[in-house]
Amino acid sequence: MRYIQTLLFTAIIVFTFTAFASAQTENHLKDYFEGKRVDVKIDMPATKDGINVYPERERRINYDKYAKSLKTYGTSLLEGDRVMITKIKVKDKHVEFQGGGGGFGTAGDETGVVSVPITSKSRREKNLENDLKDESDERRRRRIRRELDDLRDERRREDNGNRAEAASAGEIAKTRIQEKRLRGGSRFNIRFDRKLTADDLTPEVIMDALSEYLYFSDAN
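Residues numbered from 1 in each chain as written. Predicted model: local features only at pLDDT ≥ 70, side-chain atom pairs only at ≥ 80, totals over all residues. Heavy atoms only, no water.

Undergrad: What exactly am I supposed to notice about the overall build of the protein here?
TA: Broken down by element type, the protein carries 5 helices and 8 strands. The order of helices and strands in the protein, counted from the N terminus, is α-β-β-β-α-β-β-β-α-α-β-α-β. Going through the 220 residues of the protein one by one, you find that 33% of them count as buried. For the protein, contacts bridging at least 24 residues in sequence account for 78% of all contacts bridging at least 6. Split by element, the accessible area of the protein, about 14200 Å² in all, is 51% carbon and sulfur. (Helix = DSSP H or I, 4+ residues; strand = E, 2+ residues; numbered from the N terminus. Buried < 20%, exposed > 50% of the residue type's maximum accessible area, 1.4 Å probe, protein only. Contact = heavy atoms within 4.5 Å. Areas by Shrake-Rupley, 256 points an atom, 1.4 Å probe, with all protein chains shown as cover.)

Below, the structure is given as structure tokens:
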């Protein structure tokens, strides 16, 4: 029992120390990079997914995925643009290096989803449906059906109008979102095939990983 308690205590200490060290390293990178400006050497997609860079692999970027991302989302940062580094975030196996806002699609950004209201049955329509079930006289049944048909047609027309308005609003939102995308910046995700250590999280390592894609004029 004491052995297990010792192991648990040790694990807690190691976890706490690791979390503290990671936070300290992230803060150091934030202090070093955030607020400074870099020059972009490569067109960057207008999305929070950004560009994945694998500094330990022979092929650092998957250019097929990169091309598809540019085609799908457009280009928010062009080669030669100068942009502010707005956020550095350290994860277990990668570092987010965000510029100009980090790319459109983060929490709080507009989604473009437009809901279509469905017209509910009126009380009159519901009452007529109940009356039709209980009515045995065929003449009265025909009269109830005619009124029901009129009410249902009216409801369908209203639904069609709602769908048309939603479609129009969706197109407007789509245009608005694309404009926001082009102004939302982008990011690099520096990805490793292992958990990061303090030696991996130095400004020099970050700049070396991105040196083909950014010019660190202010950060040197």
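Undergrad: Please explain the packing of helix α3 (residues 123–134) against helix α4 (residues 138–183) as it appears in this structure.
TA: Packed helix pairs are characterised by how far apart their axes lie and by the angle those axes make with each other. It is at 10 Å that the axes of α3 and α4 come closest, and there the two elements cross at 150°. One way to sum up the angle between α3 and α4 is to call them roughly antiparallel. Note on packing geometry: the crossing formed by α3 with α4 is left-handed. Contacts between α3 and α4 involve Arg 124, Glu 125, Leu 128, Glu 129, Asp 131 and Leu 132 from the first element and Arg 141, Ile 144, Arg 145, Glu 147, Leu 148, Leu 151, Arg 152 and Arg 155 from the second. Of the residues belonging to the contact of α3 with α4, the class tally is 5 nonpolar, no polar and 9 charged. (Axes fitted to C-alpha atoms, helices over the stretch in contact; angles between N-to-C directions. Parallel < 35°, antiparallel > 145°, perpendicular 65-115°, else oblique. Left-handed = near helix turned anticlockwise from the far one by under 90°. Nonpolar A, V, L, I, M, F, W, Y, C, P; charged D, E, K, R; others polar.)

Undergrad: Is there a simple way to think about a positive patch on the surface in this case?
TA: The grouping of Arg 139, Arg 142, Arg 143 and Arg 146 at the surface amounts to a positive patch. Inspection of the secondary structure assignment puts Arg 146 in helix α4. (Patch = residues over 30% accessible without salt bridge, like charges linked within 9 Å, V, L, I, M, F, W, Y side chains within 5 Å. Salt bridge = Lys/Arg side-chain N within 4 Å of Asp/Glu carboxyl O. Lys, Arg positive; Asp, Glu negative; His and termini not counted. Charge placed at Lys NZ, Arg CZ, Asp CG, Glu CD.)

Undergrad: What is the right way to read the pairing of strand β5 (residues 82–90) from this model?
TA: Relative to β5, strand β1 (residues 37–40) runs antiparallel, the two being bridged by 3 bridges. Paired with Val 38 across the bridge in β5 is Val 83. In terms of strand pairing, β5 meets strand β6 (residues 94–99) through 5 bridges, oriented antiparallel. Residue Lys 89 lies in a different strand from β6, and its bridge partner there is Glu 96. Hairpin connection of β5 to β6: 3 residues between the antiparallel strands. (Pairing = 2+ DSSP bridges.)

Undergrad: What is the right way to look at the environment of Arg 152 in this model?
TA: Mapped onto the secondary structure, Arg 152 falls in helix α4. Arg 152 gets classed as partly exposed once you look at its relative accessible area, which sits at 27%. Setting aside its immediate chain neighbours within four residues, Arg 152 contacts Glu 125 and Glu 129.

Undergrad: Please explain a negative patch on the surface as it appears in this structure.
TA: On the surface, Asp 149, Asp 150, Glu 154 and Glu 158 cluster together into a patch of negative charge. In this fold, Asp 149 is placed in helix α4. What makes Asp 149 partly exposed here is its relative accessible area of 40%.

Undergrad: Is there a simple way to think about the sheet that holds β1 in this case?
TA: The sheet built from 6 strands is open, its strands ordered β3-β7-β6-β5-β1-β8 with mixed pairing. Each edge of the sheet is formed by a strand with only one pairing partner; in this case those strands are β3 (51–53) and β8 (214–215). Sheet topology places β1 next to β8; 2 bridges connect them, and they run antiparallel. Bridge pairing in β8 links Asp 39 to Tyr 215. Against the sheet, helix α5 (residues 203–210) makes contact with β3, β6, β7 (186–191) and β8, and its axis sits at roughly 110° relative to β7, the strand it touches most.

Undergrad: Explain α3 here, please?
TA: Helical geometry: 3.6 residues make up each α-helical turn, so side chains three or four residues apart lie on a common side. A rise of 1.5 Å per residue sets the reference length of α3, with its 12 residues, at 16 Å; its end C-alpha atoms lie 17 Å apart and thus fit the reference within 8%. Along α3, the residues that are buried comprise Glu 125, Leu 128, Glu 129 and Leu 132. With its buried residues spanning 105° around the axis, α3 presents them on a single face. Facing away from the buried side of α3 by more than 90 degrees, the exposed set consists of Arg 123, Lys 133 and Asp 134. (Expected span 1.5 Å × (residues − 1). Arc of directions from axis to C-beta.)

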